[in-house]
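The residues making up each chain are set out below.
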Amino acid sequence: MPLNASPSGSTPNTTLAHSLLAGWAHEHGQPRSTAMVQTPPGLRFAFYGRGSTEDHQDPATSRSWQLLQAQAVTSGYGRVVAEFFDVGHSRVLPWSRRPEAAALLIAMADPERDFDAIVIGSCERAFYGNQFATMAPLFEHYGVALWVPELGGAIDTDLVGQEELMILLGILSKREIARARIRVRSAMTVQARDQGRYLGGRPPYGYRLVDAGPHPHRSFARRGVRLHRLDIDPEYGRIVRWIFTQRLARHSVARITRALNDADIPCPAAADPERNRHVAGEQWSLTSVRAILQNPRYTGRQVWNRNAPTTNCSIHTTPAWDTET
């Protein structure tokens, strides 16, 4: 719902929109009478922040610097009396799907809430895309001022420039994710294709992890982090070759599976139980044999992101499991 039209330049559509919003607010409850931009001393603030992930970011550090930013904005106007901090939830999710943000919305709707305003530690952590534009009427209806570091105080939605700034910050937040995704995928492709790097995940059956030297980043290398690459396992690699040989000889998948079980050959789950805890079973199945035959890594080719043309495998320039026919 547009909120960026000033009273002096309002259009009929804008006037109608404000009338509809006022009617909705009157129907669902009386808004507080205090203006959003009035900042009397002694305000009680609810702090909201968000941490990207638990694995690659320290939640305690992330919360601390965002809270420090919030306290710097509210210094001299009041104090933070409540904290809401989401960890491990993407900014792409709306507030209603983030646990702490949803709890803040519920608390905001309570007439007996123990805070007067909300302060954000980082706009780009809190809002994504047009999320602020969709939530601004809610803040205004409940009479809760929203304070952000980028403005150094409360947002006044009647000022065109301030709302446009919030929309721009949401766009920049969206751009940050898209840029990081493209950069990481491109870097992973180059590392696997040109450098032979192993980028994680469970090694396919018949492969093993071997040391590939120190990490190229000096700070990681000083901590002892080393690179790994995939190499053919001397014990189970011959099993994969045998499977492909039998299939090239036009034997059915069922016959190959039965022969593996009759010979008591360990299946992938039994060969590497530590990395296959999600799979239970001690025998070969049609699915496991078919998965090996359809895995492009065994033939020396690999598809990135499941939609691009195939590229040379990151481990072998020629098919690793090729057999003469």
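Cut-offs and rules
Residues numbered from 1 in each chain as written. Predicted model: local features only at pLDDT ≥ 70, side-chain atom pairs only at ≥ 80, totals over all residues. Heavy atoms only, no water. Helix = DSSP H or I, 4+ residues; strand = E, 2+ residues; numbered from the N terminus. Buried < 20%, exposed > 50% of the residue type's maximum accessible area, 1.4 Å probe, protein only. Areas by Shrake-Rupley, 256 points an atom, 1.4 Å probe, with all protein chains shown as cover. Core = buried A, V, L, I, M, F, W, Y, C linked by side-chain atoms within 4.5 Å. Axes fitted to C-alpha atoms, helices over the stretch in contact; angles between N-to-C directions. Left-handed = near helix turned anticlockwise from the far one by under 90°. Contact = heavy atoms within 4.5 Å. Nonpolar A, V, L, I, M, F, W, Y, C, P; charged D, E, K, R; others polar. Pairing = 2+ DSSP bridges. Expected span 1.5 Å × (residues − 1). Parallel < 35°, antiparallel > 145°, perpendicular 65-115°, else oblique. Arc of directions from axis to C-beta.

### What to know about the overall build of the chain
Next up, step 1: A count of helices and strands for the chain gives 11 helices and nine strands.
Next up, step 2: Burial analysis of the chain (325 residues in total) assigns 37% to the buried set.
Next up, step 3: Working note: accessible area of the chain is about 19,000 Å², and carbon and sulfur atoms make up 51% of it.

### Regarding the nonpolar core
Proteins that are soluble and globular tend to have nonpolar side chains buried together.
Next up, step 1: In this structure, Trp95, Ile118, Ile120, Phe127 and Leu146 are the most contacted members of the largest nonpolar core, which totals 25 residues.
Next up, step 2: Counting 20 residues, the second largest nonpolar core, distinct from the first, contains Tyr205, Ile243, Ile256 and Ile265.

### Observations concerning the packing of helix α8 (residues 237-248) against helix α9 (residues 253-262)
Next up, step 1: Where α8 contacts α9, the axes come no closer than 10 Å and their chain directions differ by 145 degrees. For the pair α8 and α9, the sense of crossing is right-handed. Across the interface between the two elements, Ile239, Trp242, Ile243, Gln246 and Arg247 from α8 touch Val253, Ile256, Ala259 and Leu260 from α9.
Next up, step 2: Classifying every residue of the contact of α8 with α9 by side-chain character gives seven nonpolar, one polar and one charged.

### Concerning unusual backbone geometry
Next up, step 1: Positioned with a positive phi, Arg250 is a non-glycine residue whose angle comes to about 70 degrees.
Next up, step 2: Mapped onto the secondary structure, Arg250 falls in the loop between α8 and α9.
Next up, step 3: Despite not being glycine, Asp264 has its phi angle at roughly 55 degrees, a positive value.
Next up, step 4: Looking at the secondary structure, you find Asp264 in the loop between α9 and α10 (268-271).
Next up, step 5: Given a relative accessible area of 67%, Asp264 falls into the exposed group.

### Focus: the sheet that holds strand β2 (residues 78-87)
Next up, step 1: Judged by pairing direction, the sheet is mixed, and its five strands sit side by side in the order β2-β1-β3-β4-β5 without closing on themselves. In the strand order of this sheet, the two ends are held by β2 and β5 (153-154), each with one partner.
Next up, step 2: Alignment of strand β4 (residues 145-148) against β5, held across two bridges, turns out to be antiparallel. Bridging across to β5, Trp147 finds its partner in Ala154.
Next up, step 3: Its contacts with the sheet place helix α3 (residues 99-108) against β1 (43-51), β2 and β3 (117-120), and it is angled at close to 140 degrees to β2.

### Some details on α8
Next up, step 1: With 12 residues, α8 extends 17 Å from end C-alpha to end C-alpha; this agrees with the ideal 16 Å at 1.5 Å per step.
Next up, step 2: Within α8, burial applies to Gly237, Ile239, Val240, Ile243, Phe244 and Gln246.
Next up, step 3: Next to the buried residues of α8 lie β7 (226-232), α9 and α11 (286-294).
Next up, step 4: Among the residues trailing α8, Arg250 stands out with phi positive, at a value near 70 degrees.

### Describing the packing of α9 against α11
Next up, step 1: α11 packs onto α9 with a crossing angle of 110 degrees between their chain directions and a minimal axis gap of 9 Å. For the element pair α9 / α11, the angle class is roughly perpendicular. Classified by chirality, the crossing of α11 by α9 is right-handed. Each of Val253, Ala254, Ile256, Thr257 and Leu260 in α9 lies in contact with α11, whose residues at this interface are Leu286, Val289, Arg290 and Leu293.
Next up, step 2: For the contact of α9 with α11, the class distribution of residues is seven nonpolar, one polar and one charged.

### Topic: α11
Next up, step 1: Here α11 has its buried residues at Ser288, Val289, Ile292 and Leu293. Buried positions in α11, seen along its axis, are confined to an arc of 135 degrees and lie on one side of it. Opposite its buried face, α11 presents the exposed residues Thr287 and Gln294, each directed more than 90 degrees away.
Next up, step 2: Tucked inside the fold, the buried residues of α11 contact α8 and α9.

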